[in-house]
Every structure is written in C-alpha cells, then in structure tokens.
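# Coordinate inspection notes
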Amino acid sequence: MRAIWKGAVSFGLVSIGVKVYSATEEKDIRFHQVHREDGGRIRYKRTCSVCGEEVTYDDIAKGYDIGGGEMVILTDEDFADLPLSTSHAIDVLEFVPAEQVDPILYNKAYFLEPEGSATKPYVLLRDALSDSERVAIVKVALRQREQLATLRVREGVLLLNTMLWPDEIRRPDFGFLDEDLKVRPPELAMASSLIDSMAGEFEPDAFTDDYRAALQEVIDAKVEGREVVQPEEEEAAPAAAVDLMAALKASVERARAARGEAPSGGGAEPTPISSARSAKKTAAKKAPARKAAEKKAEPAKKTAAKKTPAKKTAEKKAEPAKKAAAKKTPAKKTAAKKSA
C-alpha cells in the first residue's frame with residue numbers, strides 16, 4: 001500500500017505521527033471507450049465553449065456558477081488562503097459511544113500507521129480507545145476540505161472513518177409517511193417469525209459478487225478464444241403477493257426448508273400448495289417402507305398359518321387325557337370314604 005497522506009493525531013498534548021492509507025478498494029471491472037471498427041481509444045479534448053480552443057491543465061481554473069450565465073472564477077491563490085487546506089493534523093475533539101454515530105454518516109475508511117518514534121503513543125491511544133469502548137470524534141483536512149471523522153480500532157490498527165456533515169444527509173419525503181396504515185398483529189407476528197427463521201451470523205466472506213465473476217469469465221473466454229460458459233439461471237423472483245399473510249407463511253416455510261428444519265407445529269400454517277407438496281413427499285417416502293413391511297410380514301403369516309393345524313392336533317390329543325382325569329376323580333372320593 002502507498003500512503004496518501006502524512007500528519008499527526010493530536011490527542012490532548014500528545015502528538016502521534018501517522019501515515020494514512022486507503023482501507024478499501026473497489027473491485028469493479030473497468031472499461032475504456034473504444035472505436036467499434038478498429039478498437040482505437042476514444043480521446044476527449046478539453047475545449048473552451050467561448051473561443052473553441054483546446055485548453056491545457058495549466059490554463060484551467062475553478063468556476064462557481066451564480067446563475068444567470070455569470071461565473072465566479074477562483075484561482076489557486078484563492079484556495080491557498082483558506083484555513084486548514086494544508087493542515088496535517090487529526091484533532092481529537094471528544095470520545096462518544098459508537099452506537100451514537102449513525103452509520104449513514106460514514107463515508108470512506110483509512111488505516112493509520114505510526115511513523116518514526118510514534119509507535120508507543122500510537123499503541124497507548126489504541127489500547128485506551130479499545131478499553132473505553134468508545135470512538136474518537138476528530139476533524140481532519142483531506143483533499144483540500146475539512147472533514148468530520150471517527151477514530152476507532154480494527155484488527156489492532158487505528159481506523160479513520162471520514163463522515164458526511166449532517167446537512168449532507170437528505171431527509172426522506174415520501175407520501176406514504178403521512179398515511180395512516182395499520183398492520184394487523186397476526187401479520188406482524190408472522191413477519192417476526194420470518195425474521196427469526198432467516199436469522200444468522202453475518203460472515204462477509206460468505207457473499208460474492210456474482211455479476212463481476214460472470215463478467216470476468218466472459219473477458220477470460222474472449223482472451224483465450226474459447227466459448228463462454230453460461231452461468232446457471234437463478235430462481236425467478238416471486239410475483240407480487242396478493243395475500244400478504246399467505247406470502248409471509250410461505251416465506252417462513254421456504255426459509256426453514258432452506259435450513260433443513262422441519263416445519264413447526266405452533267408457527268406458520270402451511271399453504272395449500274406447500275401442504276400438497278408435503279403430502280406427496282410423505283406418501284413417496286412411506287410407499288417403500290410399506291412394501292418392505294409387507295414383505296417382512298408375509299413369512300410371519302405363513303408361519304402362523306402352519307402353526308394353526310398343529311395347535312388343533314394338540315388340542316385333540318389333550319381331550320382323552322382330560323376325560324381320563326375326570327374319571328379318576330370319583331375313584332379318589334370313594335377311597336377317601338372307605339378310609340374314614
């Protein structure tokens with residue numbers, strides 16, 4: 001990385017020399033405008049709209065349009081007298097809880113590296129900032145303009161986040177904000193259930209820029225002279241929902257199915273379409289099991305059928321024995337009388 005700015009963090013009476021590096025980079029694939037016939041680069045000339053002559057950079061100044069066709073011209077000398085235009089200080093103003101800074105204010109991020117003998121005070125500020133669980137609100141002059149920024153710790157390095165000024169944030173002015181729209185409690189509960197079913201831990205590496213990857217594949221194929229492999233078509237977006245409640249229920253069921261979870265009994269009720277699909281799947285799963293059970297049961301039935309005649313034969317053999325026992329009983333009673 002190449003440092004884009006050098007200066008010092010002013011922390012009370014402590015001054016910490018730092019180098020500033022861009023913390024992010026865009027990965028967009030860039031193109032040149034070329035002539036379709038021969039591939040020649042398209043060049044643009046800087047010409048004056050009044051005299052029509054081509055103008056070099058040395059003859060270009062900045063103009064502010066005040067309306068009515070009038071222009072105020074500012075030179076380099078005009079900018080040189082402005083305060084903080086060349087200041088190389090990052091002034092710490094105060095320390096605030098991080099949650100009090102609205103993310104919409106954040107603009108660009110920069111890494112700060114200690115310079116020279118500033119490593120110890122740099123580490124001191126870094127550790128104190130981490131322990132405080134706060135961010136530093138600072139002012140810094142970057143690219144010839146004063147900017148508000150925050151200073152926080154990321155992966156052991158001080159991170160400078162420039163911010164937009166409050167008057168640079170637009171106010172939402174939409175008609176529906178004045179409408180008296182009521183959300184029914186069941187709809188809100190179902191929407192909350194959908195959020196719960198799609199809840200997870202944010203892992204940035206799990207997401208990719210599919211468009212950029214596909215475009216790079218097209219470029220590589222052109223370079224290598226091979227056929228472009230078309231990516232798989234993504235599932236079409238669902239049509240606009242007519243029944244909001246039904247759409248929420250179907251969304252909950254879809255999210256749970258994507259996670260491999262079984263539908264909950266006390267949560268969303270299945271839609272007619274999902275119920276029919278579930279019934280078909282269940283029947284398809286049960287059919288092989290039934291056949292297997294029937295096959296296993298057939299030998300048992302045959303065995304039971306074979307055992308039935310044997311039981312009858314045993315019963316017939318037992319009948320004479322029962323009759324003989326019945327005849328012996330009176331003889332025992334007679335013998336008992338004689339002995340008495």
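For the structure itself, look to the data block above.
Attention in this report is confined to the structure presented alongside it. It should be emphasised that the depicted structure is a prediction, and the values quoted were computed from it without experimental measurement. (Residues numbered from 1 in each chain as written. Predicted model: local features only at pLDDT ≥ 70, side-chain atom pairs only at ≥ 80, totals over all residues. Heavy atoms only, no water.)

## Quick notes on the overall build of the protein chain
Put simply, the test is: Counting from the N terminus, the helices are the DSSP runs of H or I reaching at least four residues and the strands are the DSSP runs of E reaching at least two. Exposure is judged per residue with a 1.4 Å probe applied to protein chains only, and the accessible area is read against the type maximum: over 50% gives exposed, under 20% gives buried, and values in between give partly exposed. In this description, contact between two residues means that some pair of their heavy atoms is separated by no more than 4.5 Å. Where accessible areas are quoted, they stem from the Shrake-Rupley method and a 1.4 Å probe; at the residue level, only the protein chains shown are allowed to cover.
The secondary structure content of the protein chain amounts to six helices and nine strands. Across the 340 residues of the protein chain, 16% fall into the buried class. Within the protein chain, counting contacts between residues at least 6 apart in sequence, those at least 24 apart form 58% of the total. Here the protein chain displays about 27,900 Å² of accessible surface, and carbon together with sulfur accounts for 55% of that area.

## Brief notes about the packing of aromatic side chains
Aromatic ring pairs are reported here in terms of the distance separating the ring centres and the angle at which the planes meet. What counts here: Geometry of aromatic contacts follows a simple scheme: Phe, Tyr and Trp rings, the Trp one being its six-membered ring, pair when their centres are within 6.5 Å, and the pair is stacked under 30 degrees between planes, edge-to-face over 60, tilted otherwise.
In this structure the tally under the stated criterion is three aromatic pairs. Their ring planes at 85° and their centres at 6.0 Å tell us that Phe11 and Phe95 sit as a pair that is edge-to-face. In this pair, Phe11 sits in strand β1 (residues 5–11) while Phe95 sits in strand β5 (residues 89–97), placing the two residues 84 residues apart along the sequence. Relative accessible area serves as the criterion here: at 27%, Phe11 is assigned to the partly exposed category. Considering the side-chain rings of Phe174 and Phe176, the 6.3 Å spacing of their centres and the 15° angle between planes classify their relative orientation as stacked. Overall, the relative accessible area of 48% leaves Phe174 in the partly exposed class.

## Side note on the sheet that holds strand β7 (residues 134–142)
To keep it simple, the criterion reads: By definition, two strands form a pair when at least two bridges between them are found by DSSP. Between N-to-C directions, angles cover 0 to 180 degrees, with each direction set by a line fitted to C-alpha atoms, over the stretch in contact for helices.
The strand order β1-β2-β6-β9-β8-β7-β5 describes a closed barrel built from seven strands, whose pairing is mixed. Strand-to-strand, the axes of this sheet are offset by a mean angle of 40°, without reference to chain direction. Judged from the three bridges that link them, β1 and β5 form a sheet pairing that is parallel. Bridge pairing in β5 places Ser10 opposite Asp91.

## Here we look at the layout of surface pockets
Over the atoms rolls a probe the size of a water molecule, and its path tells where empty space is left. Rules: Cavity: a set of points on a 1 Å grid over the protein atoms alone where a 1.4 Å probe fits but cannot get out. Pocket: an open set with protein on both sides within 12 Å along at least five of seven lines, its lining residues, like those of a cavity, having an atom within 4 Å of a point. Grid points are joined across faces, edges and corners, and a volume is the space filled by probe spheres set on the points. Each residue gets one of three labels, nonpolar for Ala, Val, Leu, Ile, Met, Phe, Trp, Tyr, Cys and Pro, charged for Asp, Glu, Lys and Arg, and polar for the others, Gly among them.
In this structure, the second largest pocket spans a volume of roughly 200 Å³. Ranked by the residues each element gives to the lining of the second largest pocket, the list is headed by strand β6 (residues 106–114), at three residues. Looking at side-chain class alone, the lining of the second largest pocket contains three nonpolar, two polar and four charged residues.

## Digging into the pairing of β5
Sheet analysis places β5 next to β7, joined by six bridges and oriented antiparallel. What sits directly across from Phe95, in β7, is Ala136.

## Examining a nonpolar patch on the surface
Definition in use: Only residues whose relative accessible area exceeds 30% and that take part in no salt bridge are eligible for patches, with like-charged residues grouped when within 9 Å of each other and nonpolar side chains (Val, Leu, Ile, Met, Phe, Trp, Tyr) grouped when within 5 Å. In the sections that follow, a salt bridge refers to a side-chain nitrogen of Lys or Arg positioned within 4 Å of a carboxyl oxygen of Asp or Glu.
Together, Tyr64, Ile66, Val72 and Leu74 make up a nonpolar patch on the protein surface, roughly 360 Å² of accessible area in all. Elements with a contribution of two residues or more to the nonpolar patch: β3 (62–67) and β4 (70–74). Along the chain, the position of Ile66 falls in strand β3.

## Points about the pattern of salt bridges
Within the structure shown, the criterion is met by 10 salt bridges. For Glu155, the salt bridge is made with Arg154, and the minimal N-O distance between the two is 3.7 Å. Between Asp209 and Arg212 there is a salt bridge, with its nearest N and O atoms 3.5 Å apart. The class of Asp209 is partly exposed, set by a relative accessible area of 37%. What makes Arg212 partly exposed here is its relative accessible area of 31%.

## Some details on the nonpolar core
In globular proteins that are soluble, nonpolar side chains generally tend to be buried together. What counts, and what does not: The criterion is simple. A nonpolar core is a set of buried Ala, Val, Leu, Ile, Met, Phe, Trp, Tyr and Cys residues joined through side-chain atoms within 4.5 Å.
Membership of the largest hydrophobic core comes to 21 residues, with the highest contact counts inside it found for Val9, Ile90, Leu112, Val138, Leu151 and Leu160. Counting residues per element, the ones that place at least two in this core are β1, β2 (14–22), β5, β6, α2 (119–132), β7, β8 (145–154) and β9 (157–163). For this core, the leading source of residues is β7, giving four residues. Ignoring anything within four residues of it in the chain, the contact list for Leu112 reads Val9, Val18, Lys19, Val20, Ile90, Tyr122, Leu151, Val157, Leu158 and Leu160. Membership of the second largest hydrophobic core comes to seven residues, among which are Val101, Val135, Ile137 and Met163.

## Some remarks on a negative patch on the surface
Selection rule: For the purpose of counting charges, residues Lys and Arg are taken to be positive, whereas Asp and Glu are taken to be negative. His and the chain ends are not included. Each charge is placed at NZ for Lys, CZ for Arg, CG for Asp and CD for Glu.
On the surface, a cluster of negative charge is contributed by Asp76, Glu77, Asp78 and Asp81. By the secondary structure assignment, Asp78 is in helix α1 (residues 76–80).

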